[in-house]
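This is what each chain is made of:
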Amino acid sequence: INAEYGETTIFSMKRARDEAPPPSNEAVRNKWDGFADLYDRNFYLWSAPAHLSAVAALSLPLLSEKQMVLEVGCGPGNGFKAIRDNTKAKVVAVDYSVEMVQRASVRASPLQVHTAVDDAQELKSIKSDLIDRLISTLCIHIVPDPEKALGAFRRILKPGGSMCASVWGREDASPQFSLLKEALKECRSKGLIPAPAEDPASRRSQFHLGDETHLKKMVEDAGFVDVTTWRVQCVWPWCCDGPSAFVRSWLSSQPLAPEIQELSPEHRRALETVFTELAAGVIKAGRPIGCDVLLVQGRKPRLSAVSYTHLTLPTKRIV
């Protein structure tokens, strides 16, 4: 029972199996290349609690200068300072979006962070058994094949090395994202806006890894031990000025779905009105407008009798 939100939430492995097909690698890269500028300007404060929780969990201050930290899905590099402030270790960061890495490189240079474009599902630029700590904030629920990404994480970690990853958690505890979905549904049911040309249900939900039991098993199946999970709430920073300010900032801070982009000005105003009413209800109930984030931490066994196939690596690596 989710007492805070007054709803019953039932999760099972069936939920993940029944999800819509994942996006292609090309679709993921195109989306985040196009989203890089908005994300860089608007989303670091929001995602910071999840990132800082991972930094704390991995005990980075204990690492020596000879050890190495890898951030997978680094985005525009807004988290580099938090990592560098807490460790003397070497720091490497990768992202699949070229636009994101270009922005990250600007922040990386003064902090002695090495950046590269790489796929979280492959990590071809990283040697096997090299990394001591791995951070991946709000990334593996986006990639087409999360299990493959976790396998790559295990491959590049040293025996005994640890990783911490975060994903979107419970949708019913994430009004930052669920309110717009509810507003669209209500507007369509009242005939205030037209039905979309494409059924949104045909796209895989970003919350598909949000169940602790399912995510913990997935990480354990990838070969990690001592797996633990916990949750943090990432609150949208522009809520203190009221529901209208939230709606305006939220609609202007993300690449909107086609069903919203195609709305006429009249239809968009109708959507904003309903959206604002729903946001006001959440605030009146004393709840934050944010996203529930699920974190998972695991360690690669120090000794393993299981051999695994190494990916073919390019001749040129960043480390």
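Look up: the structure comes first, before these words.
Residues numbered from 1 in each chain as written. Predicted model: local features only at pLDDT ≥ 70, side-chain atom pairs only at ≥ 80, totals over all residues. Heavy atoms only, no water.

Visitor: How would you summarise helix α5 (residues 98–108) if you had to cite specific residues and measurements?
Guide: If you check which residues of α5 are buried, you get Met100, Val101, Ala104 and Ala108. Buried positions in α5, seen along its axis, are confined to an arc of 90° and lie on one side of it. Buried residues in α5 make contact with α2 (25–42), α4 (80–84), β2 (90–95) and β3 (113–117). With a side-chain oxygen lying 3.4 Å from the backbone nitrogen of Glu99, the N-terminal cap of α5 falls on Ser97. (Buried < 20%, exposed > 50% of the residue type's maximum accessible area, 1.4 Å probe, protein only. Helix = DSSP H or I, 4+ residues; strand = E, 2+ residues; numbered from the N terminus. Arc of directions from axis to C-beta. Contact = heavy atoms within 4.5 Å. Polar contact = N/O pair within 3.5 Å; in protein donor to acceptor, adjacent residues only side chain to side chain.)

Visitor: So what's going on with the pattern of salt bridges? Which residues, and what values?
Guide: The final tally for this structure, using the stated rule, is 17 salt bridges. Here Arg41 ties to Asp37 by a salt bridge, and the two come within 3.0 Å at their closest N and O atoms. In this pair, Arg41 and Asp37 both sit in helix α2, four residues apart, roughly one turn of the helix. The exposure class assigned to Arg41 is exposed, which follows from its relative accessible area of 51%. Notably, a salt bridge pairs Asp85 with Lys81, separated by 2.8 Å at the nearest N-O pair. (Salt bridge = Lys/Arg side-chain N within 4 Å of Asp/Glu carboxyl O.)

Visitor: Give a detailed account of the packing of aromatic side chains, specifying residues and quantitative values.
Guide: Note on aromatic pairs: each is described by the distance of the centres and the angle between the planes. The tally for this structure, following the rule as stated, stands at 16 aromatic pairs. Considering the side-chain rings of Trp32 and Phe35, the 5.1 Å spacing of their centres and the 50° angle between planes classify their relative orientation as tilted. Taken together, the residues Trp32 and Phe35, both in helix α2 and three residues apart, mark about one turn of the helix. Assigned by exposure class, Trp32 and Phe35 land together as buried. Aromatic pair Phe177 and Phe207: ring centres 6.3 Å apart, planes at 75°, arrangement edge-to-face. Placement of Phe177 in helix α7 (residues 175–189) and of Phe207 in the loop between α7 and α8 (212–221) is noted, with a sequence separation of 30 residues between them. (Phe/Tyr/Trp six-rings, centres within 6.5 Å; stacked < 30°, edge-to-face > 60°.)

Visitor: Summarise the pairing of β3; cite the residues concerned and give the values.
Guide: As judged from the five bridges shared by β2 and β3, these two strands associate in the parallel manner. Bridge pairing in β3 places Asp95 opposite Val117. The handedness of the β2 to β3 crossover, carried by α5, is right-handed. (Pairing = 2+ DSSP bridges. Right-handed = clockwise from strand over helix to strand, strands pointing away.)

Visitor: Any chance you could break down the nonpolar core for me, citing the residues and the numbers?
Guide: In terms of nonpolar packing, the biggest core is built from 56 residues, with Trp46, Leu60, Phe246, Leu271, Phe275 and Val293 touching the most fellow members. The element best represented in this core is α7, accounting for six residues. Beyond its immediate sequence surroundings of up to four residues, Leu60 is in contact with Val55, Val69, Ile83, Asn86, Thr87, Arg133 and Ile135. Residues Ala149, Phe153, Leu209 and Ala222 belong to the second largest nonpolar core, which totals 32 residues. (Core = buried A, V, L, I, M, F, W, Y, C linked by side-chain atoms within 4.5 Å.)

Visitor: Break down the packing of α7 against helix α9 (residues 243–251) for me, with residues and values.
Guide: Look at α7 against α9: their axes get within 12 Å of each other, and the N-to-C directions meet at 90°. Of the possible angle classes, the one that applies to α7 and α9 is roughly perpendicular. Contacts between α7 and α9 involve Gln176, Phe177, Leu179 and Leu180 from the first element and Phe246, Trp250 and Leu251 from the second. Looking at the contact of α7 with α9, its residues break down into six nonpolar, one polar and no charged. (Axes fitted to C-alpha atoms, helices over the stretch in contact; angles between N-to-C directions. Parallel < 35°, antiparallel > 145°, perpendicular 65-115°, else oblique. Nonpolar A, V, L, I, M, F, W, Y, C, P; charged D, E, K, R; others polar.)

Visitor: Can you explain α2? Please cite residues and give values.
Guide: Taking 1.5 Å per residue, 18 residues should reach 26 Å; α2 reaches 24 Å between its end C-alpha atoms and fits that length. At Ala36, α2 is deflected by roughly 55°, the largest bend along its length. Listed as buried for α2 are Val28, Trp32, Phe35, Ala36, Tyr39, Asp40 and Asn42. Those residues of α2 that are buried are in contact with α3 (44–57) and α5. (Expected span 1.5 Å × (residues − 1). Bend = angle between axes of the 7 residues up to and from the residue.)

Visitor: How would you summarise unusual backbone geometry if you had to cite specific residues and measurements?
Guide: One non-glycine residue, Asp129, lies in positive phi territory at about 55°. Along the polypeptide, Asp129 turns up in the loop between β3 and β4 (131–136). In this structure Asp129 comes out as partly exposed when scored by relative accessible area, which is 34%.

Visitor: Pulling in residues and values, what's your account of the packing of α2 against α5?
Guide: Closest axis-to-axis distance for the α2/α5 pair is 7 Å, and the angle between their directions is 40°. Between α2 and α5, the residues in contact are Arg29, Trp32, Asp33, Ala36, Asp37, Tyr39 and Asp40 and Val98, Glu99, Met100, Arg103 and Arg107, respectively. In terms of residue class, the contact of α2 with α5 is made up of five nonpolar, no polar and seven charged.

Shape is all these values report; function is a separate question.
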